[in-house]
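# Descriptive structure summary
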Amino acid sequence: MLDSASEILRLQASGEASAVEIIKRSIEQIEASQDKINAYTCVNAELAIRDAETVDVKRKSGQPLGKLAGVPVAVKDILCTTDMPTTCSSKMLENFMAPYDATVVRRLREEDAILVGKTNMDEFAMGGSTETSAFGVTRNPWDNNRTPGGSSGGAAACVASGTVPLSLGSDTGGSIRQPAAFCGVTGLKPTYGRVSRYGLVAFASSLDQVGPIAWSVEDVAVLTDVISGFEPRDSTSLNQEPPCLSSVLQSNDLRGLKIGILEDALNSEGIEPSIRQSVIDAAETFKQAGAEIVEIQLPHSEHYVPTYYVIAPSEASSNLSRYDGAHYGHRSAKVDGDLLASLGPLAATYCKSRSEGFGTEVKRRIMIGTYALSEGYADQYYNQALKVRRLIKSDYDAAFSQVDLLLGPTTPTTAFPLGERLDNPLQMYLVDLFTVGANLAGIPAISLPAGLNSSGLPIGIQLQAPALQESRLIFAGSAYQAMTDFHKLRPDNFSF
Amino acid sequence: MTHSDEHSTETIIGLEVHVQLKTETKLFCGCSTAFGGPPNTQVCPVCLGHPGALPVINAHAIELSIRAGLAINCSIPPMTKWDRKQYFYPDLPKGYQISQFDLPICAEGHLEIPAVSEDDPTRRIGIIRAHLEEDAGKSMHDEASGQCDSRIDLNRCGTPLLEIVSYPDLRSSHEAKAYLDELKLRMTHLGISDCEMQEGSLRVDANVNLHLKANGKKIATPIVEIKNMNSFRAVEHAIDYEVDRQYDLWEETGKTIEEESKTTRGWDDTTGKTFLQREKEESADYRYFPDPDLLPIRISQERVDEIRATLGELPGETLERLQQQHRIKAYDAEVIVNQGREFISFFEEVATACDDGKRASSWFQQDVLRTMNDQQLSVSQFPINGQQLGLLLRKVSSGELDNSRARDVFQFMLTNDGEVDSAIQSLGIASVGTDELEGLCQNLLESNPQIVEDYRNGKQQAVGSLIGQAKKKNPNANPKAVRETLIKLIQTM
Ligand SMILES: [Zn+2]
């Protein structure tokens, strides 16, 4: 029941279950899994049940109900909420209460969705394993010794562990799609600007995008419809009516669609053979549905990760300057000794508060970004990266002049063991190999479950579309799920 | 220049002027820009730099910036963008200021300043650029408590500022003052800024150094940036002080611009001295980069032309026109123009309604301005409208009312009712009939034979004293009519 929003809506409509019953079930499931999985940083049982009661009353009295009435939803702890802390899984914001709801959160509430909790993540979304969280690692529901991926690890694990059917993550370099792939669920990164960033705590403003995670493309479409659309408080939000994605769901007819298979990605060093095979199988499935498959290249793909790791930290170093302990967040209680003597009271307070409040990975990226923007280095790093970013956009433009969609793997490997890459940042950064391109180009991309490898770990394939063409992803993705059962696979030990 | 007898000395001054734009709301959020609210009451997640909050540009600030640019002959480039200027300070909650680095909204311009003295020609001062940026908050340090206790008021944070940077074209403190006067006049006249230095809506930093010729060699002294000047007078004094200080220092140390980088000095009004604030400006690295939260702004030529069309007259043009159209003196026109656009159009309405520019001008310089100042009134709050005030002055011109009687009416209109006729009625100012007037004058002449005698002996002013007496007996008696009646009666006696 908790693995499908449409099933939950049907149960309520038919009177088989009340919203309160559903939310209580969700809370129970969270309580049963939290110790093991740690998908949540905060669970708001009392408020969630109260909100569910409101929905039940509305339904009984015949009042109009929103599109997600009574559906439990979890949101990544990087989205501002007025009724739960917004921590970004950082000590810096441990008890921070935002004075407003993020636009996407407001839209969820307007559609009567029930917010049950906030999900764990890499600190300030910096990481690919949810291991940099200040509040403990999140574990993969398919194998508790492995990572659920990151940075939206909690957002993928909370769905995969059957606590909620829908969750919101954020994706700066793959942070929705990679954990979706690792956890065997579906995750969408919409076009940059399609979903407002207002209330999404900024990591890298020109790359960040909020998106949905669910088991099926169908549920992903419903949630995307709810959160998309223009927000006048966000200058980068697109001022145009988004298409209704729920209405483009397909069965198995993809005639006329031309899909480019990313050959270079399939042949890249270190790609897991089972993942390679899954992409080839998926191409065959699309072919059976009538799509034309061609091989295609993104000529500058080797530069994507280096470009990303200059631009994202540069913007992050600036965005995270506000956490100085002066106005909100962690402030060091006492500054003394050499630090005070050498820096004076103000700089010493900044220094100590930030040193204590931020974890290693965040500090590393602030250092990289500060360096890349410094006088004398900006031309070599930041400005150079902006130039390469334009080349990357033209890579995609050229590809999409030939095909409608790009097909490839979401990740080079399946979920890796916890701790394996924590001390090896370069190895960790490679998990973004196939996902950062969509962020740098601002285009939409989806990760679809594509089976399990021989160790029983989920595999994800990725479809990428031109800007604003989410409907193509939903169209092809729903056809894929109509023809395969990979999105119906569930980890053991969870009752859904 | 007091030292010119020894060496030829030239003072080099460039000014950076921050002008606060007269918008209702802040540059990137909807908070009020009103001055003087209780601390931290005009704030929101955006200007507080809260996580997740995003800036949205205030279109009115863009319009006012273009207006300002056009007023100082700047070109308006087709595209402008936003950059983050990054530094840590408690009054800067985001850790960066949204400003403009390489593509300011206004490029290259100039300002003509009037001749400072009779033998000076009008001078053209170059303007490098004008860029738009958000203001920081205000730190209040309570050093008295000995606890380094600091308080921060973020009301001002995010207020739109236009920073206008001149070339180092100014050659004396007088020229600097003339430049500031002209700049302020244009900004206030065009409704761009209030330019109140006391409220911080105009701030000036001056870059000053000297070019000397010593032993046939050209030498420049190190550049000093002076800050904290809170009036134009202070700017003049600070520059004069700095010129002398730099000269003395050069004589003492011989240090030139090549040997010492720019320093920052504050101005202390009470001691009349500048003091060192920051030694050797370590070329601060602000790590400017384009703000990814904001889109670049395209400004079409049509938009610029549209705004240019709404500029109307510049103050210099108004000055000329007032002199010609209303036949008033240059000095009087200047006083009126300095009061701003609303005042000018109020004046013109009255001048037209009474058809007597000179009379209107003298009433505006005295009665109207005094009333506004005493009662802290703006033009729109003034209790008498232009038509009624014009009607009143017309009655003075026609001799129906004398000045003192007209002032009584004016005062009555201010406090009671803005209508001239009803005011005259309420005050019981009735016109005195011919018979009544003749009777009054006859009585006066009979009891003052000496005056009749004096008048007949050619002392025409002798009747003047009778006018005063007539007014005492009947306050409604019109002095002009009294004089005429008196003369007529004497001649027929
Ligand atoms: Zn505000």
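None of these values were measured; they are calculated from a predicted model.

What follows concerns the overall build of chain B. A tally of helices and strands in chain B yields 15 helices and 16 strands. Its C-alpha radius of gyration of 30 Å places chain B more than 25% over the 23 Å reference for a compact globule of 493 residues. Principal-axis analysis of the C-alpha atoms places the extent of chain B at approximately 95 × 60 × 55 Å. Each of the 493 residues in chain B was classed as buried or not, and the buried ones make up 50%. In chain B, the share of contacts with a sequence separation of at least 24, taken over all contacts with a separation of at least 6, comes to 69%. Of the roughly 23,700 Å² that chain B leaves accessible, carbon and sulfur atoms contribute 47%. Counting 53 positive and 77 negative side-chain charges, chain B places the averaged centre of each group 2 Å from the other.

All right, on to the interface of chain B and chain A then. At the interface, 31 residues of chain B touch 36 residues of chain A. A buried area of about 2,800 Å², summed over both sides, lies between chain B and chain A, and 58% of it is on carbon and sulfur atoms. When residues of chain B are sorted by the area they lose upon contact with chain A, Pro51(B), Leu54(B) and Phe88(B) head the list and together hold 23% of the total. Linking chain B with chain A are 17 residue pairs in polar contact (both at pLDDT 80 or more). Secondary structure elements with two or more residues in the side of chain B that touches chain A: β3 (83-86) and β15 (289-290) of chain B. Taken together, the residues of the side of chain B that touches chain A break down into 21 nonpolar, 5 polar and 5 charged.

Together, Asp240(B), Asp244(B), Asp248(B), Glu251(B) and Glu252(B) line one region of the surface with negative charge. Within the secondary structure, Asp248(B) sits in helix α3 (residues 232-253).

Residues and elements named next belong to chain B. Of the protein atoms, only Cys 29 (SG), Cys 31 (SG), Cys 44 (SG) and Cys 47 (SG) coordinate the zinc ion, at distances of 2.3 to 2.4 Å. For the zinc ion, the 4 donor atoms in the first shell make angles of 100 to 115° at the metal, a pattern classed as tetrahedral. Site description for the zinc ion: donor spacing in sequence, C-x1-C-x12-C-x2-C. Here Cys 31 falls in the buried class, since its relative accessible area comes to 9%.

Attention now moves to the packing of aromatic side chains. One pass over the structure, following the stated rule, counts 29 aromatic pairs over all chains. For the pair Tyr323(A) and Tyr328(A), a centre-to-centre distance of 6.2 Å together with 75° between the ring planes defines the contact as edge-to-face. Accessibility classification places Tyr323(A) together with Tyr328(A) in one group, the buried group. Ring geometry for Tyr247(B) and Trp250(B): centres 6.1 Å apart, planes at 55°, overall tilted.

Once that is clear, we can look at the sheet that holds β15(B). The strand order β4-β3-β15 (chain B) describes an open sheet built from 3 strands, whose pairing is antiparallel. Of all strands in the sheet, those with a lone pairing partner are β4 (96-99) and β15 of chain B, marking the two edges. Its contacts with the sheet put helix α10 (residues 304-319) of chain A on β3, β4 and β15 of chain B, and the angle it makes with β3(B) is roughly 60°.

Judged from the 4 bridges that link them, strand β10 (residues 202-214) of chain B and strand β11 (residues 217-220) of chain B form a sheet pairing that is antiparallel. Within the sheet, the bridge partner assigned to His211(B) lies in β11(B) and is Ala220(B).

What follows covers a nonpolar patch on the surface. A cluster of nonpolar side chains, Tyr371(A), Tyr377(A) and Tyr381(A), forms an exposed patch at the surface whose accessible area comes to about 280 Å². Checked against the element boundaries, Tyr377(A) lands in the loop between α12 (360-373) and α13 (382-400).

The next thing to look at is the environment of Leu405(A). Residue and element names in this part refer to chain A. Its location among the elements puts Leu 405 in strand β9 (residues 405-409). Residue classification places Leu 405 among the buried residues on the basis of a relative accessible area of 0%. Taking the C-alpha atoms as reference points, Leu 405 and Ser 89, separated by 316 residues in sequence, lie 35 Å from one another. Discounting residues that sit within four places of it in the chain, Leu 405 has contacts with Leu 257, Lys 258, Ile 259, Gly 260, Phe 400, Gln 464, Ala 465, Arg 472, Leu 473 and Ala 476.

Residues and elements named next belong to chain B. Counted at 1.5 Å a residue, the expected span for helix α1 (residues 59-71) with its 13 residues is 18 Å, and the 19 Å between its end C-alpha atoms agrees. Of the residues making up α1, those classed as buried are Ala 61, Ile 62, Leu 64, Ser 65, Ile 66, Arg 67, Ala 68, Gly 69, Leu 70 and Ala 71. Structurally, the start of α1 carries an N-cap: the backbone nitrogen of His 60 is 2.9 Å from a side-chain oxygen of Asn 58. One or two positions beyond α1, positive phi appears at Asn 73, with a value near 60°.

This next bit is on the domain arrangement of chain B. The domains assigned to chain B are domain 1 (8-298), domain 2 (313-426) and domain 3 (434-492). Inter-centroid distance (C-alpha atoms) of domain 1 of chain B to domain 3 of chain B is 66 Å.

Residue and element names in this part refer to chain B. Inspection of every chain in the model, using the stated rule, returns 52 salt bridges over all chains. Across the salt bridge formed by Asp 194 and Lys 22, the nearest N and O atoms sit 3.3 Å from each other. Taken together, the residues Asp 194 in the loop between α2 (173-189) and β10 and Lys 22 in the loop between β1 (8-20) and α1 connect sequence positions 172 residues apart. Its relative accessible area of 37% is what places Asp 194 among the partly exposed residues. Accessibility expressed as a relative area gives 42% for Lys 22, which makes it partly exposed. A salt bridge links Lys 395 to Asp 421; its shortest N-O distance comes to 3.6 Å. With Lys 395 in helix α9 (residues 386-397) and Asp 421 in helix α11 (residues 420-426), this residue pair connects regions lying 26 residues apart in the sequence. Its relative accessible area of 14% is what places Lys 395 among the buried residues. A relative accessible area of 48% means that Asp 421 is categorised as partly exposed.

To continue, consider the sheet that holds strand β5 (residues 186-189) of chain A. Residue and element names in this part refer to chain A. Ordered in space as β1-β3-β2-β4-β6-β5-β10-β11-β9-β7-β8, the 11 strands form an open sheet in which the pairing is mixed. Every interior strand has two partners, whereas the edge strands, β1 (40-43) and β8 (292-296), have only one. Strand-to-strand twist in this sheet, taken as the mean axis angle between neighbours without regard to direction, amounts to 25°. The pairing of strand β7 (residues 258-262) with β9 spans 3 bridges and is parallel. Within β9, the position partnered with Ile 259 by the bridge is Leu 405. Relative to the sheet, helix α4 (residues 103-110) contacts β2 (72-76), β3 (114-119), β4 (166-170) and β6 (210-214), its axis offset from that of β3 by approximately 150°.

Let's shift gears to unusual backbone geometry. Cis geometry marks the peptide bond from Gly150(A) to Ser151(A); its omega dihedral reads 5°. On the secondary structure map, Ser151(A) appears in the loop between β3 and α5 (153-160). Of note, Asn40(B) is a non-glycine position whose phi angle comes to about 60°, a positive value. As for its position among the elements, Asn40(B) is in the loop between β1 and α1.

Reading the values: the criteria
Residues numbered from 1 in each chain as written. Chains lettered and ligands numbered in written order. Predicted model: local features only at pLDDT ≥ 70, side-chain atom pairs only at ≥ 80, totals over all residues. Heavy atoms only, no water. Helix = DSSP H or I, 4+ residues; strand = E, 2+ residues; numbered from the N terminus. Rg over C-alpha atoms; globule rule 2.2 N^0.38 Å. Buried < 20%, exposed > 50% of the residue type's maximum accessible area, 1.4 Å probe, protein only. Contact = heavy atoms within 4.5 Å. Areas by Shrake-Rupley, 256 points an atom, 1.4 Å probe, with all protein chains shown as cover. Lys, Arg positive; Asp, Glu negative; His and termini not counted. Charge placed at Lys NZ, Arg CZ, Asp CG, Glu CD. Buried area = accessible area lost by both parts, 1.4 Å probe. Polar contact = N/O pair within 3.5 Å; in protein donor to acceptor, adjacent residues only side chain to side chain. Nonpolar A, V, L, I, M, F, W, Y, C, P; charged D, E, K, R; others polar. Patch = residues over 30% accessible without salt bridge, like charges linked within 9 Å, V, L, I, M, F, W, Y side chains within 5 Å. Salt bridge = Lys/Arg side-chain N within 4 Å of Asp/Glu carboxyl O. Donors = N, O, S within 2.8 Å, 3.2 Å for Na, K, Ca; no water. Tetrahedral: all angles 85-135°; square planar, octahedral: opposite > 155°, others 65-115°. Phe/Tyr/Trp six-rings, centres within 6.5 Å; stacked < 30°, edge-to-face > 60°. Pairing = 2+ DSSP bridges. Axes fitted to C-alpha atoms, helices over the stretch in contact; angles between N-to-C directions. Expected span 1.5 Å × (residues − 1). Domains from an automatic or database assignment.

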